[in-house]
Amino acid sequence: MDIPYTVMPRRDTGLYNAKLGIWLFLASEVMLFGALFSSYILLRVGSYPGVWPHGLLNVPVGTVNTLVLICSSVTVVLGWAALKANQFAKYRKIQAITLACAGMFCCIKSYEYYDKFTHYEVILKDGRVIDGHLVEKVGGGQLVDGRRQPPEAIVIHGVEFPADAKAAGMAKVPLIHNLEKASGHHLEHKEFRIPWSDTKKVQNYGPWHNTYLAIYFTMTGLHALHVIGGALVIGWIWGPGAAMWKSDPERYTNRVEVSGLFWHFVDLVWIFLFPILYLL
Amino acid sequence: MMERILNLPVVASEHGHDVNALVELVHWLMGILLVGWTIFFIYTLYRFRAQPGRKADYHGVRGHASTWLEVGVASFEAILLLGFAIPLWAKTVDEYPPEKDATIIRVVAEQFGWNFIYPGADGKFGRQDLSLVTAENPFGFDAADPATKDNFTVLNEAHVPLKKGVIINCSSKDVIHSFKVVPLRVTQDCIPGLNIPLHFVATKEGKYQIICAQLCGNGHAAMANGTVVVDTESDFKTWMASKSAGGGAATSFE
Amino acid sequence: MSDNKAHHGHGDHSKTYWLVFFALIIGTIVTVGAYFIHFDTIFLTIALALAIASVKASLVAGWFMHLASEQRMIYTILGFTAFFFLGMMLLTIWAMQDTPKPIFP
Amino acid sequence: MSQSTKTAHAPAHGAHHSGGDHHDPGFWRTYVFSTDHKVIGIQYGVSSLIFLFMGFLLMLAMRWQIAWPNQPIPVVGPLLEAVLGQPASGGVLGADLYNSFGAMHGTIMVFLGVVPLGFAAFGNYLVPLQIGAPDMTFPRINMASFWSFLVGGLIMMVSFFIPGGAAQGGWTSYSPLATSIPTDGQTYWIIGMVFLITSSLLGSVNFIATVIQLRAPGMGWMRMPFFTWAQFVTAFILLLAFPPLEAAAVLQLMDKVAGTSFYLPTGLITGGKLADISGGGSPLLWQHLFWFLAHPEVYVLILPAMGIVGEVIANNSRKPIFGYRSLVYSVLAVGFISFIVWAHHMYLTGMGTKISTFFQTTTMIISVPSVIILTCLFLSLWGGSIRFNSAMLFSLAFLPMFGIGGLTGLPLGFNFSDIHLHDSYYVIAHFHYVVAPGSIFALFAGVYYWYPKATGRKMNELLGKIHFAGSFVFMNLIFFPMFAQGIAGMSRRMSDGGASYMVSDATADVVGRLAKSVIDANVGISVAAFLLGVSQIPFIINFFMSMFRGEKVTSDNPWDATTLEWQTPTPPPHGNFTESIKVYRGPYEYSVPGAARDFLPQNQPSRA
Ligand code: HEA
Ligand code: HEA
Ligand code: CUA
Ligand SMILES: [Cu+2]
């Protein structure tokens, strides 16, 4: 039994099955990310002043990552064009660049995640706030009664805000980062060694820190999963799956096209994610 | 007649009668359709049952009766919508009684009870600040503000005056509840973080049961011991006075 | 599609792809540049950034994904999707606007 | 002779691989990890019937608690206590467990019972057959869809047995309640949902692609059976409405496990103090995303049912359905509009005038195509020659039952009357009329109608009629009194069936308490529910017994039907059609004047 139109397009629709399939799938992806974008807008519009950070992320790094994805997008389509022109070796080379770009994107993204997870806001008992990157946690960590002991001290490289800064600025713990901008004067960056007993609250810039970071991690995380998934599929077709080029070149080319369509979509999502998360 | 069939519960508010009217009207539409179709249905089933030698008619119903029927139903719905639902809702949502004549209350639901906050004699709520929020002070009123001084809170028993506008702002401390008083035909979700107003004018004295109409945890069913007491104007004043500023120190706000 | 218009002349197509590629790069640079310029109102920044993003997205969709010369069936599906997407987004935003504001501003 | 005898093989040797497919794929590949749409359809069918039964059992336990609050459940109570421990202590369904069962009853019935049965099971089995396709376009994705469904279902089941028990936040899982309930069951629920969503996503891509790509020559859009149309539109709804729920579920999962505040507002107080969260989220956001799916979802529950009813009525009234085109357009309209009515579940969340006007207008608009569909189906009977077999009885009962359910949607749809009816038993009655005596009856009809195709044997008519009579009577006895309870002001989701709202001596002066008669109706309803259960016994016996003892069909087309699924061997082999098929006419050419017999199959070239 054979299913028709797996390779050749059907006359009245002009499509082969997989192409229709991937477009349907992409339609649902549009709704998935659409819902997240809507949530982003609502959370942002509903956020109260001072909590939505501007320029928290590293723009140059984000820009580089954007360029990396754009590169991979053009190589995907060029690779497919090469196959269409029957140039398998060329396709192999070009698509390798795509895969390299995908890897690079993930590396850069992990670096950015790492940067956020080591960024701490420490609220002291006297009301001062110290905000910056973790240098080290001194001591602690041993298990007592099955609970991990807190460190003796925490060393942060960053800036210090006076006790009244938050109260003067905004009602509830707004983003310290915004205070720095709003206060105008440049604060001196240096290393602080804070005994744990002086701290009231120590929190890093994970998704729990505020709504912005929450949506940032969720959206980019989901996007990164798409990148990884897409790269795995493209990589499989490129590597082990390439045997099909010999047996059924038309179908193989179609596979490359379909996986490419998915890849472009992932790029397309990033095109929107980049400005709304990094720039606005 | 529909009134009798539906057996709607007692009404004790002005707009409650409008709610009943709309419910009854819709049920008229439904009733007519139900009866009409059922008669048609049973007749058809009987008349066109399979019998030896009967052949079905390829064309079946001819004419445009069905179109007219559909147009009829649609128009009836349009009338109910444009003539009743939309304007009546607009009235409940937009036409608030003037604030100065109205009694303004805040209700803060929690698992599993109702806190009513009254502004007290001066009719004003105090300044609010998030950093002051605690379980006892869910709106973060500033105790230092003079307007806060005579605010007072009562648990599970709200008093409101008869025949005067009442505005209740609904909120919640923890999860979503729903403030529902059947005889007053009032239902409003109490959503944490939001302060949603509703208003009514009570028309009958009495003690009215509050129910929670939104699943809020394992005590949801038991969240039934609140009442709204509708007092005559003078009784209400006396009650207010007993609670306000010193009079009700035990329940007072601070 | 394997056998319709796009089949012949891949050289030309490659050229298109490169053009699109450069347009995307330029778009990115302009967006980032605008970010550093700081306009008077944030709205201008937002509008500009989203406008450029939309142009970039249409380039990707139109040429890399060949939407510019796709079959009607795909357009129909995407048309529906766009409608529902806009419905979801706009109606939700509208509904949230038409609801009381949070207690703590 | 006719086309149907040409393609007819004696059912006996029509088993599988009659086409060119000669190597034997072995037991596992044939029956378990099969990519054949018919096997997958049956897998879906059997598992969803089991889930349906589970949902039903949960509901029986709840009904006991509603009618006899805080009394131990006979027989089952001790069992529950043994398995679930403290929450069922004393064999009583405590409030936590009641909420758990309620949430899971809703979830199981909707996502694991009716949708998989109506859409995935019937759709999988029949859509390729009805359009003359050899299989689904993506058979392996089809298989993945089923397994994803099963994993999702198992996660839901497992959650009953973890400490704290299954989800308790209602099937709607509103935040912040869902986030604050201390059981991990809530997390299981979300993860289970993600699998179920993935499953229906894969399924819907497949359905749409199949209908678009694999229609046999001559099978134009306006020649597709109504059932296939309904499935096609349903697939679109699933494709586009489910992803937002997936997004919403991811956000809720983050709230639950990563400490985010997507749905948690600033100023939330838990356990007596300000919650240690960043705040800034919105509880209403969840509701919007949830109902954006869940309203279209209710049409997912009803459209396949309508499709089945259309097929059965056309076949058993022996005449074309009335207004085929308006049916098709109405179904399309329903699918389309169903995306923009969702907020009618949220009228009382503080909605302003403008937006609620919009949503109640669209709600009224969407009732018009439903009225058209019902009208067409009713009028189809006129002039027919109606055969009252079990399938037809259930289909006929569907019409007034859906009618009652649909009509009672109207007072809910006007926000002003919804003030009184919201979240009362009126709502429960409304939607159960559409899903239980509505959808479930249609699904029963489908089982009776297509059973011979799948097994080669008919189900027993007598047992079928007993099943019908019992189900019909008791369904109505269960749900009709709920309208009265709702109007009297009885709230839903109450673990004591409203007992704490009842007038007692201590509360005699409080107006608005429920009259004793309203509460007492609970007992009658619960008794009817148990009897409804009893009425299912003939069905279960019938279902299993007929596989071995049922009357063998003598032809591939035992009901003298016109659509293509009856023009294949019985049961259809792998690949479905033994010869290439071509379609010459519309789907319901019954009793055509001048034709030799009272039905003209779609693939029969001439009218002779
Ligand atoms: C299959 C499922 C299904 C279907 C088809 C419908 C159909 C409709 N529903 Fe329902 N609904 C639910 C399932 C369904 N619903 C569920 C599950 C809930 C509760 C969710 C929860 O909160 O848990 C709900 C809740 C619900 C609400 C929210 C109530 C509240 O919480 O306060 C509203 C409000 O507008 C509503 C309206 C409607 C309307 C207007 C229709 C219309 O589409 C109906 C149109 C149909 C008709 C108008 C009938 C026409 C028939 C005739 C003309 C023939 C008559 C003949 C005879 C009677 C013989 N529904
Ligand atoms: C498709 C959806 C669906 C279906 C079919 C049903 C079916 C039924 N439901 Fe349910 N129900 C819901 C969806 C559904 N329900 C939802 C969404 C809620 C809200 C939950 C919440 O509050 O969050 C709810 C809530 C709900 C409540 C209210 C609980 C409360 O608010 O506290 C009640 C109370 O009586 C109830 C009763 C029933 C009854 C008596 C049936 C009967 O009609 C059952 C009929 C079923 C059968 C007769 C089983 C048939 C199957 C077989 C016989 C199996 C055969 C097996 C094999 C052959 C292998 N349901
Ligand atoms: Cu509070 Cu339910
Ligand atoms: Cu709905």
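Everything numeric in this text was worked out from a predicted model, so none of it was measured.

Visitor: In this structure, what is going on with the overall build of chain A? I would like to understand it.
Guide: The helix and strand tally for chain A stands at 8 helices and 7 strands. Scaling as 2.2 N^0.38, a compact globule of 280 residues should have a C-alpha radius of gyration of about 19 Å, whereas chain A reaches 25 Å, well beyond that. For chain A, the spread of C-alpha atoms along the principal axes amounts to about 75 × 40 × 40 Å. Residues classed as buried in chain A amount to 59% of the 280 residues present. With the model as given, the accessible surface of chain A reaches about 11,100 Å², and the carbon-plus-sulfur share is 61%. One finds the centroid of the 25 positive side-chain charges in chain A at a distance of 7 Å from the centroid of its 21 negative side-chain charges.

Visitor: Which parts of the structure should I look at to understand the packing of aromatic side chains?
Guide: The description of two aromatic rings rests on the distance between their centres and on the angle between their planes. Residue and element names in this part refer to chain D. As enumerated under the stated definition, the model contains 91 aromatic pairs over all chains in all. With a centroid separation of 6.1 Å and an interplanar angle of 15°, the aromatic rings of Y449 and W559 are classed as stacked. Of the two residues, Y449 is situated in helix 16 (residues 425-455) and W559 in the segment after helix 18 (516-549); the sequence distance between them amounts to 110 residues. A residue is classified by how much of its surface remains accessible, and Y449, at 1% relative accessible area, is buried. Residue W559 is classed as buried on the basis of its relative accessible area of 8%. Pairing F468 with F472 gives two aromatic rings, centres 5.7 Å apart and planes at 25°, and the pair type is stacked. Here F468 pairs with F472, and both are found in helix 17 (residues 461-487), just 4 residues apart, close to one helical turn.

Visitor: I tried to follow the interface of chain A and chain D on my own but got confused; where do I start?
Guide: Accessible area lost when the parts come together is the quantity often used to give the size of an interface. On the side of chain D, 41 residues touch chain A, which itself brings 36 residues to the contact. For the pairing of chain A and chain D, the buried interface totals around 3,100 Å² over both sides, and the portion due to carbon and sulfur atoms is 71%. Our count for the contact surface shared by chain A and chain D stands at 1 salt bridge. Residue K201 of chain A is joined to D276 of chain D by a salt bridge in which the shortest nitrogen-to-oxygen separation is 3.6 Å. At the boundary of chain A with chain D, the tally comes to 6 residue pairs in polar contact (both at pLDDT 80 or more). Those elements giving two or more residues to the side of chain A that touches chain D turn out to be helix 1 (17-46) and helix 6 (211-238) of chain A.

Visitor: Explanation requested: the site of ligand 1 in the structure shown.
Guide: Taken together, 34 residues sit near ligand 1, with W171, Y299, D418, H422 and H430 of chain D positioned nearest. More than one chain reaches ligand 1: the nearby residues come from chains B and D. Residue H344 of chain D places a side-chain N or O atom 3.4 Å away from an oxygen atom belonging to ligand 1. Taking H430 of chain D, its side chain carries an N or O atom lying 2.9 Å from a nitrogen atom of ligand 1. For the shell around ligand 1, the secondary-structure elements that each account for two or more residues are helix 2 (14-47) of chain B together with helix 10 (283-317), helix 12 (353-380), helix 13 (390-407), helix 14 (409-413) and helix 16 of chain D. Grouping the amino acids of the shell around ligand 1 by side-chain chemistry returns 20 nonpolar, 11 polar and 3 charged.

Visitor: What am I meant to see in the coordination of the copper ion (ligand 4) here?
Guide: Residues and elements named next belong to chain D. Protein coordination at the copper ion (ligand 4) comes from H295 (ND1), H344 (NE2) and H345 (NE2), with a distance range of 1.8 to 2.1 Å. The distance between the copper ion (ligand 4) and the iron atom of ligand 1 is 4.5 Å. Within this pair, whereas H295 is found in helix 10, its partner H345 is found in the loop between helix 11 (324-337) and helix 12, the two being separated by 50 residues in sequence. Of the residues examined, H295 reaches a relative accessible area of 4% and is grouped as buried. A relative accessible area of 25% means that H345 is categorised as partly exposed.

Visitor: What's the story with the site of ligand 2 in this structure? I'm lost.
Guide: All names here are of chain D. In the vicinity of ligand 2 lie 36 residues, with R63, Y98, H105, H432 and R493 positioned nearest. Backbone polar atom of W171 to an oxygen atom of ligand 2: 2.8 Å apart, as the coordinates give it. Every element with two or more residues in the shell around ligand 2 is listed here: helix 3 (37-67), helix 5 (95-131), helix 16, helix 17 and helix 18. With 8 residues, the single largest contributor to the shell around ligand 2 is helix 16. Taken together, the residues of the shell around ligand 2 sort by class into 27 nonpolar, 6 polar and 3 charged.

Visitor: Mind showing me how you'd approach the side chain of D36 of chain D here?
Guide: All names here are of chain D. Tracing the backbone shows D36 in the loop between helix 2 (26-32) and helix 3. The class for D36 is buried, based on a relative accessible area of 7%. Here H574 takes part through its side chain, which lies 3.1 Å from a polar atom of the side chain of D36. For D36, the contacting residues outside a window of four places in its chain are D135 and H574.

Visitor: Explain the domain arrangement of chain A here, please?
Guide: Domain annotation for chain A reports domain 1 (26-46 + 53-116 + 210-279) and domain 2 (119-204). A separation of 36 Å is found between the C-alpha centroids of domain 1 of chain A and domain 2 of chain A.

Thresholds, definitions, all that
Residues numbered from 1 in each chain as written. Chains lettered and ligands numbered in written order. Predicted model: local features only at pLDDT ≥ 70, side-chain atom pairs only at ≥ 80, totals over all residues. Heavy atoms only, no water. Helix = DSSP H or I, 4+ residues; strand = E, 2+ residues; numbered from the N terminus. Rg over C-alpha atoms; globule rule 2.2 N^0.38 Å. Buried < 20%, exposed > 50% of the residue type's maximum accessible area, 1.4 Å probe, protein only. Areas by Shrake-Rupley, 256 points an atom, 1.4 Å probe, with all protein chains shown as cover. Lys, Arg positive; Asp, Glu negative; His and termini not counted. Charge placed at Lys NZ, Arg CZ, Asp CG, Glu CD. Phe/Tyr/Trp six-rings, centres within 6.5 Å; stacked < 30°, edge-to-face > 60°. Contact = heavy atoms within 4.5 Å. Buried area = accessible area lost by both parts, 1.4 Å probe. Salt bridge = Lys/Arg side-chain N within 4 Å of Asp/Glu carboxyl O. Polar contact = N/O pair within 3.5 Å; in protein donor to acceptor, adjacent residues only side chain to side chain. Near = heavy atom within 4 Å. Nonpolar A, V, L, I, M, F, W, Y, C, P; charged D, E, K, R; others polar. Donors = N, O, S within 2.8 Å, 3.2 Å for Na, K, Ca; no water. Domains from an automatic or database assignment.

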